[in-house]
Amino acid sequence: MAPFPPGAFVAASSSLPSTAPRPAVRDAFIAADVGGTHVRIGLVEATGDTARPVRVLEYRKYACAAYPGLAEIVEEFLAALPGRRVDAGAIASAGYALGDGTVITANLPWPISLERIRTRLGFRDFRLVNDFEAVAHAAAQVDASEVLRLTGPDAAAPGPMLIVGPGTGLGAAVRIPTAHGPVVLATEAGQAALTTGHAGEQALLRELQRGRSHVPIEHALSGPGLLNLYRAVCALQSVPPVHTAPGAVTAAAIAGDDAPARAALDAFCGLLGSTIGDMALLYGAHGGIYLAGGILPQIRDYLMGSDFVARFLDKAPMREALERIPVNLVEHGQLGVIGAASWYLDRLD
């Protein structure tokens, strides 16, 4: 398979039982990565290769806001596959997947009900998994040519692997090797409380706390979170905000001629490094860390020149342990689709 083209891991998975025969692994099926901004869908098939078990035959990206629901997006994708009968697949969705096939999420523009979509499409087998759990299944298939090393050695020690992604929200999952194959721990890390020991960021945090009893990590470390940081910086500097979208803040910061935007992106990178370091210690991520998500590829050069690595390592006596963990930036691209497909195939065994 070709390297992932340039371009979200947080809750328990679920599937709906089906009385119809399971599709043979040789049959093509769909795999979808559903985020708050985009839906990525692939027509995929199994390869029989344990190192690269999935081949993407067709791939398209859709803007969530342009459609009334997920079913309409899937229908449009299927309509573009003339001559193919597809009646099985998996959805990797942001949010907390419940056993009844619905999703608890604050980041999707419309609700998801797996049963309603399955019935509308006439699928015989349709399943749901958390998006970052899916990406965790795909991360092991990424090779050195597909990542940018931010810090750490070339090779990781055996142990749990952490996958984190700031996008519309912030997702995280842990891939744990066992004697019987890997186990993926889905988390709600993005909803944990944001903390900082940095004086300037403490002032930002107090500003973010206005009118709130809880400031989750993703309220700062996500696309919308960057906009929140920018508005907080403007409030502290007593200047009116001029940007209304995360991309505009990013562009202004990279251009270097907008001090509030640059301060916001600096805070974003520093908080991200500190938070990832905390997560590495919490989850014992000796097996390496992969950073994905829609916003990071847009700021990769800025991130490399920021305080990200210094803040990641700034954990007093645990610095030496963190220095031994490779931290890689991976382009999201088809990663969620491939992860959803790999997860699905694992459950057909």
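Keep in mind it's a predicted model, so treat the numbers as computed, not measured.

S.K.: Quick rundown of unusual backbone geometry? Include the residues and the values.
M.R.: Peptide bonds are mostly trans, and most non-glycine residues show a negative phi. Even without being a glycine, Ser238 presents a positive backbone phi close to 55°. A relative accessible area of 67% places Ser238 in the exposed class. We note that Ala316 has phi near 50°; this positive angle belongs to a residue other than glycine.

S.K.: How would you summarise the packing of aromatic side chains if you had to cite specific residues and measurements?
M.R.: Tallied over the entire structure, the rule returns 4 aromatic pairs. Both rings, one in Tyr62 and one in Tyr67, keep their centres 5.8 Å apart while their planes meet at 80°; by these two values the pair is edge-to-face. When its relative accessible area of 6% is taken as the criterion, Tyr62 is described as buried. Judged by centre distance (5.0 Å) and plane angle (75°), the ring pair of Phe123 and Phe126 falls under edge-to-face.

S.K.: Provide a residue-level description of the packing of helix 6 (residues 246-255) against helix 7 (residues 259-283), including the pertinent values.
M.R.: Helix-helix packing is described using two parameters, namely the angle between the two axes and the distance between the axes. Between helix 6 and helix 7, the least distance of the axes is 8 Å, while the angle of their chain directions is 100°. When the interaxial angle is binned, helix 6 and helix 7 end up roughly perpendicular. Contacts between helix 6 and helix 7 pair Val249, Ala252 and Ala253 from the former with Ala261, Arg262, Ala264 and Leu265 from the latter. Residue composition of the contact of helix 6 with helix 7, grouped by class: 6 nonpolar, no polar and 1 charged.

S.K.: Quick one: what's the story with the side chain of Lys315, residue by residue and with numbers?
M.R.: Along the chain, the position of Lys315 falls in the loop between helix 9 (308-313) and helix 10 (319-323). Lys315 gets classed as buried once you look at its relative accessible area, which sits at 14%.

S.K.: Quick one: what's the story with the nonpolar core, residue by residue and with numbers?
M.R.: In this structure, Phe268, Ile276, Met279, Ile289 and Leu291 are the most contacted members of the largest nonpolar core, which totals 52 residues. Discounting residues that sit within four places of it in the chain, Met279 has contacts with Leu162, Val164, Leu170, Ala172, Ala189 and Ile217.

S.K.: How would you sum up the state of the cysteines? Please name residues and give values.
M.R.: Taken as a whole and assessed by the stated rule, the structure comprises 0 disulfides. In this model Cys234 remains outside any disulfide bridge; the closest cysteine sulfur is found in Cys269, 17 Å from its own. Residue class for Cys269 comes out buried when judged on its relative accessible area of 0%.

S.K.: Which residues make up the sheet that holds strand 9 (residues 147-151), and what values go with them?
M.R.: Pairing is mixed in the open sheet, where 6 strands are placed in the order 9-14-13-10-11-12. Only two strands of the sheet have a single partner each, and these edge strands are strand 9 and strand 12 (183-186). Here the strands of the sheet are splayed against their neighbours by 25° on average, with no regard to which way each runs. Of the pairings in the sheet, the one linking strand 13 (residues 289-291) to strand 14 (residues 327-330) comprises 3 bridges and is parallel in character. Each residue of the ladder has a partner; that of Ile289, found in strand 14, is Val327.

S.K.: Break down the pattern of salt bridges for me, with residues and values.
M.R.: With the rule as written, the count across this model stands at 13 salt bridges. Between Arg124 and Asp87 there is a salt bridge whose closest N-O contact spans 3.2 Å. Within this pair, whereas Arg124 is found in the loop between helix 2 (114-121) and strand 8 (125-130), its partner Asp87 is found in the loop between helix 1 (70-79) and strand 5 (88-93), the two being separated by 37 residues in sequence. Overall, Arg124 belongs to the partly exposed group, its relative accessible area being 23%. Arg324 serves as the salt-bridge partner of Glu320, at 2.9 Å between the closest nitrogen and oxygen. For Glu320, a relative accessible area of 48% gives the class partly exposed. Arg324 gets classed as exposed once you look at its relative accessible area, which sits at 56%. Among the ionic contacts, a cluster of salt bridges with common partners joins Asp27, Asp87 and Arg124.

S.K.: If you had to explain helix 7 to someone new, which residues and values would you point to?
M.R.: End to end, helix 7 covers 36 Å across 25 residues, agreeing with the expected 36 Å (1.5 Å per residue, within 8%). The distance from a side-chain oxygen at the start of helix 7 to the backbone nitrogen of Ala261 is 3.0 Å, and the residue carrying that oxygen is Asp258. Phi for Gly284, located one or two positions after helix 7, is positive at around 60°.

S.K.: Requested: an account of the packing of helix 4 (residues 199-208) against helix 5 (residues 223-237), with residues and values cited.
M.R.: One way to put it is that helix 4 packs onto helix 5 with a least axis distance of 9 Å and a crossing angle of 100°. Judged by the angle between their axes, helix 4 and helix 5 are roughly perpendicular. From helix 4, Ala203, Leu204, Glu207 and Leu208 reach across to helix 5, where they touch Asn228, Leu229, Ala232, Val233, Ala235 and Leu236. Taken together, the residues of the contact of helix 4 with helix 5 break down into 8 nonpolar, 1 polar and 1 charged.

Conventions adopted
Residues numbered from 1 in each chain as written. Predicted model: local features only at pLDDT ≥ 70, side-chain atom pairs only at ≥ 80, totals over all residues. Heavy atoms only, no water. Buried < 20%, exposed > 50% of the residue type's maximum accessible area, 1.4 Å probe, protein only. Phe/Tyr/Trp six-rings, centres within 6.5 Å; stacked < 30°, edge-to-face > 60°. Axes fitted to C-alpha atoms, helices over the stretch in contact; angles between N-to-C directions. Helix = DSSP H or I, 4+ residues; strand = E, 2+ residues; numbered from the N terminus. Parallel < 35°, antiparallel > 145°, perpendicular 65-115°, else oblique. Contact = heavy atoms within 4.5 Å. Nonpolar A, V, L, I, M, F, W, Y, C, P; charged D, E, K, R; others polar. Core = buried A, V, L, I, M, F, W, Y, C linked by side-chain atoms within 4.5 Å. Disulfide = S-S within 2.5 Å. Pairing = 2+ DSSP bridges. Salt bridge = Lys/Arg side-chain N within 4 Å of Asp/Glu carboxyl O. Expected span 1.5 Å × (residues − 1). Polar contact = N/O pair within 3.5 Å; in protein donor to acceptor, adjacent residues only side chain to side chain.

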